[in-house]
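# Residue-level structural notes
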Amino acid sequence: MTKRKPPNMTFPGWVDQQIRLAEAQGAFENLPGRGKPIPDLDRPQQELDWVAGYLRRENVDVADVLPPALALAKEVEELAERLARVPSESRARHLVEELNTRIDREYARPQTGPPLRVKKVNVEAALQQWREARAALAPVPLPAGQQLAQRRRRRWFRALTDPS
C-alpha cells in the first residue's frame, strides 16, 4: 500500500513521484506489450468506440444490443438466410408469423430509439421464396434402373423384423 500524499505536495506531482519510484523498483519491466505501440492510438476516437471494442472482444452479436426498431429491421433483412436453414414449410411459416407478431407488438409500444419503419413480411411471398430455394437444393432424381436397385436393397435390421 502506498503512503499518504504529503500535505506540501500537489496531487499530480505525488502521482509522478509514485510512478518514478515504481519504475526504479522495476515494477514495469515484464508487462505484456512493453515496447509495442498502443493499438489505434492515432485513430480519432468516437463516442461509443469502447462499446464496439468490448462487444468484439466478448464475441457478442451486435443485434443483441440494437434498439428494437433496428433489431427488427436487421431481422427482416436476414429473413431469407434464416429461412434457408429451416427444413419444413410449417416451421418456416411459424418463423415469419412470429416475426410479424413481434413487429405488431413493437408498433403498439411507445417508441424508444429510432423510429420503427419496418413493414410486416408477406407470409405467402416469403414461403414462395422458401419453396423456390428448396427446389433449387433438391437432389437430382436417379435414372430408373438405379432407383430400382436402390429399392431392392434391404437393410439388415428390417430383414430381422420383417417376416416376409
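Residues numbered from 1 in each chain as written. Predicted model: local features only at pLDDT ≥ 70, side-chain atom pairs only at ≥ 80, totals over all residues. Heavy atoms only, no water.

Secondary structure summary: the protein contains eight helices and zero strands in total. Ordered by position from the N terminus, the helices and strands of the protein form the series α-α-α-α-α-α-α-α. For the protein, contacts bridging at least 24 residues in sequence account for 48% of all contacts bridging at least 6. Of the roughly 14,000 Å² of accessible surface on the protein, a fraction of 56% belongs to carbon and sulfur atoms. (Helix = DSSP H or I, 4+ residues; strand = E, 2+ residues; numbered from the N terminus. Contact = heavy atoms within 4.5 Å. Areas by Shrake-Rupley, 256 points an atom, 1.4 Å probe, with all protein chains shown as cover.)

Next up on the list: helix 2 (residues 49-57). Among the residues making up helix 2, those that are buried are Asp49, Gly53 and Leu55. Buried residues in helix 2, looked at end-on, bunch into an arc of 160 degrees, giving them a common side. Positive backbone phi, at 55 degrees, marks Asn59, one or two positions downstream of helix 2. (Buried < 20%, exposed > 50% of the residue type's maximum accessible area, 1.4 Å probe, protein only. Arc of directions from axis to C-beta.)

Moving on to the packing of aromatic side chains. The relative placement of two aromatic rings is captured by the distance of their centres and the angle of their planes. Inspection of the entire model under this criterion finds one aromatic pair. Here the aromatic rings of Phe11 and Trp14 are separated by 6.1 Å at their centres, their planes lie at 45 degrees, and the arrangement is tilted. In this pair, Phe11 and Trp14 both sit in helix 1 (residues 11-25), three residues apart, roughly one turn of the helix. The exposure class of Phe11 is exposed, given its relative accessible area of 52%. Classification of Trp14 as buried rests on a relative accessible area of 13%. (Phe/Tyr/Trp six-rings, centres within 6.5 Å; stacked < 30°, edge-to-face > 60°.)

The next subject is the confidence of the model for the protein. Per-residue confidence for the protein averages 84 on the pLDDT scale, and 82% of its residues sit at or above 70. Looking at the elements of the protein, mean pLDDT is at its lowest for helix 7 (residues 144-152), recorded as 56, and at its highest for helix 5 (residues 89-108), recorded as 94. (pLDDT = per-residue confidence, 0-100.)

Let us look at a nonpolar patch on the surface. Together, Ile19, Phe28 and Leu31 make up an exposed nonpolar region whose accessible area comes to about 250 Å². The exposure class of Phe28 is partly exposed, given its relative accessible area of 35%. (Patch = residues over 30% accessible without salt bridge, like charges linked within 9 Å, V, L, I, M, F, W, Y side chains within 5 Å. Salt bridge = Lys/Arg side-chain N within 4 Å of Asp/Glu carboxyl O.)

Before going further, it helps to spend a moment on the nonpolar core. With 17 residues, the main nonpolar core has Leu72, Leu79, Leu83, Ala92, Val96, Leu99 and Val121 as its most contacted residues. The leading source of residues in this core is helix 5, at five residues. Contact partners of Leu99, with chain neighbours within four places excluded, come to Leu72, Glu75, Val76, Leu79 and Val121. (Core = buried A, V, L, I, M, F, W, Y, C linked by side-chain atoms within 4.5 Å.)

The next point concerns the environment of Leu55. Tracing the chain through its elements places Leu55 in helix 2. Between the C-alpha atom of Leu55 and that of Val65, which follows or precedes it by ten residues, the distance is 9.4 Å. Residue contacts for Leu55: discarding those within four places in its chain leaves Val60 and Val65.

Structural remark: α-helix, 3.6 residues per turn; residues separated by three or four positions point the same way. Along helix 3 (residues 68-77), the residues that are buried comprise Ala69, Leu72 and Glu75. Along the long axis of helix 3, the arc covered by the buried residues comes to 130 degrees, so they all point the same way. Buried residues along helix 3 sit against helix 4 (79-84) and helix 5.

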